[in-house]
Amino acid sequence: MANIESNIKSKLIDRIKSIQDMDVLDELNRLLEVDVDDTVYIVSKEQRDEISTAKFQLNNHQGIPNDQVNSEIEKWLSK
C-alpha cells in the first residue's frame, strides 16, 4: 500500500510541477488547504440500516439521476 501511495504522490507532484496556468494552481492550493475532517460519526442501528439500504440501491442503479433531482428541486423551490 505504501508503494502505491508513494507512486500516486509522485505522479501528483510531477503533474503539479508541469502546470503553468496560475488559475489551476490557485485552485489546487485552495483544495489542498481544506482541512480533512477526521470526525468519527456514531450512528444508530436504524441509521446503519438506512445507509445499507441506500448503498444497495445505488449499487443496483435504483437511484434518481442528478439531473432529475435538480429539476425536481427547482420545481419545488419555484412554488
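Caption draft 1: The arrangement of the overall build of the protein in detail. Along its length, the protein carries 4 helices and 0 strands. In the protein, the succession of helices and strands from N to C terminus is α-α-α-α. Since a compact globule built from 79 residues should have a radius of gyration of about 12 Å, the 20 Å found for the protein marks it as more spread out than a globular shape. In terms of principal-axis extent, the alpha carbons of the protein reach across some 45 × 35 × 25 Å. Residues classed as buried in the protein amount to 1% of the 79 residues present. When the accessible surface of the protein is totalled, it reaches about 7,900 Å², and 56% of it is carbon and sulfur. Between the averaged position of the 10 positive side-chain charges in the protein and that of its 16 negative side-chain charges there is a distance of 6 Å.

Caption draft 2: Expanded view of the pattern of salt bridges. Applying the stated criterion across every chain, the model contains 3 salt bridges. When the shortest N-O distance is used, the salt bridge between Lys45 and Asp49 registers 3.0 Å. With a gap of 4 residues between them, Lys45 and Asp49 both fall in helix α3 (residues 45–59), about one helical turn apart. Overall, the relative accessible area of 38% leaves Asp49 in the partly exposed class.

Caption draft 3: Expanded view of helix α4 (residues 66–77). Taking 1.5 Å of rise per residue, 12 residues should cover 16 Å, and α4 covers 16 Å from first to last C-alpha, within 8% of that figure. Burial within α4 is sparse, with just 0 of its 12 residues counted as buried.

Caption draft 4: Up close: the environment of Asp37. Mapped onto the elements of the fold, Asp37 is located in the loop between α2 (22–32) and α3. A sequence separation of 15 residues divides Asp37 from Met22, and the C-alpha atoms of the two residues are 27 Å apart.

Caption draft 5: Structural detail: the environment of Arg30. For Arg30, the position within the fold is in helix α2. It is 16 Å that separates the C-alpha atoms of Arg30 and Ile13, two residues lying 17 residues apart in sequence.

Caption draft 6: Representation of the environment of Asp26. Turning to its location among the elements, Asp26 is positioned in helix α2. Since its relative accessible area comes to 43%, Asp26 is described here as partly exposed. Remark: the alpha-carbon pair of Asp26 and Gln68, spanning 42 residues in sequence, is separated by 33 Å.

Caption draft 7: Spatial organisation of a nonpolar patch on the surface. Side chains of Ile4, Ile8, Leu12, Ile16 and Leu32 sit close together on the surface and give an oily, nonpolar patch of about 490 Å² of accessible area. Top element by residues in the nonpolar patch is helix α1 (residues 2–18). It accounts for 4 residues. As for its position among the elements, Ile16 is in helix α1.

Calculation rules
- Residues numbered from 1 in each chain as written.
- Predicted model: local features only at pLDDT ≥ 70, side-chain atom pairs only at ≥ 80, totals over all residues.
- Heavy atoms only, no water.
- Helix = DSSP H or I, 4+ residues; strand = E, 2+ residues; numbered from the N terminus.
- Rg over C-alpha atoms; globule rule 2.2 N^0.38 Å.
- Buried < 20%, exposed > 50% of the residue type's maximum accessible area, 1.4 Å probe, protein only.
- Areas by Shrake-Rupley, 256 points an atom, 1.4 Å probe, with all protein chains shown as cover.
- Lys, Arg positive; Asp, Glu negative; His and termini not counted.
- Charge placed at Lys NZ, Arg CZ, Asp CG, Glu CD.
- Salt bridge = Lys/Arg side-chain N within 4 Å of Asp/Glu carboxyl O.
- Expected span 1.5 Å × (residues − 1).
- Patch = residues over 30% accessible without salt bridge, like charges linked within 9 Å, V, L, I, M, F, W, Y side chains within 5 Å.

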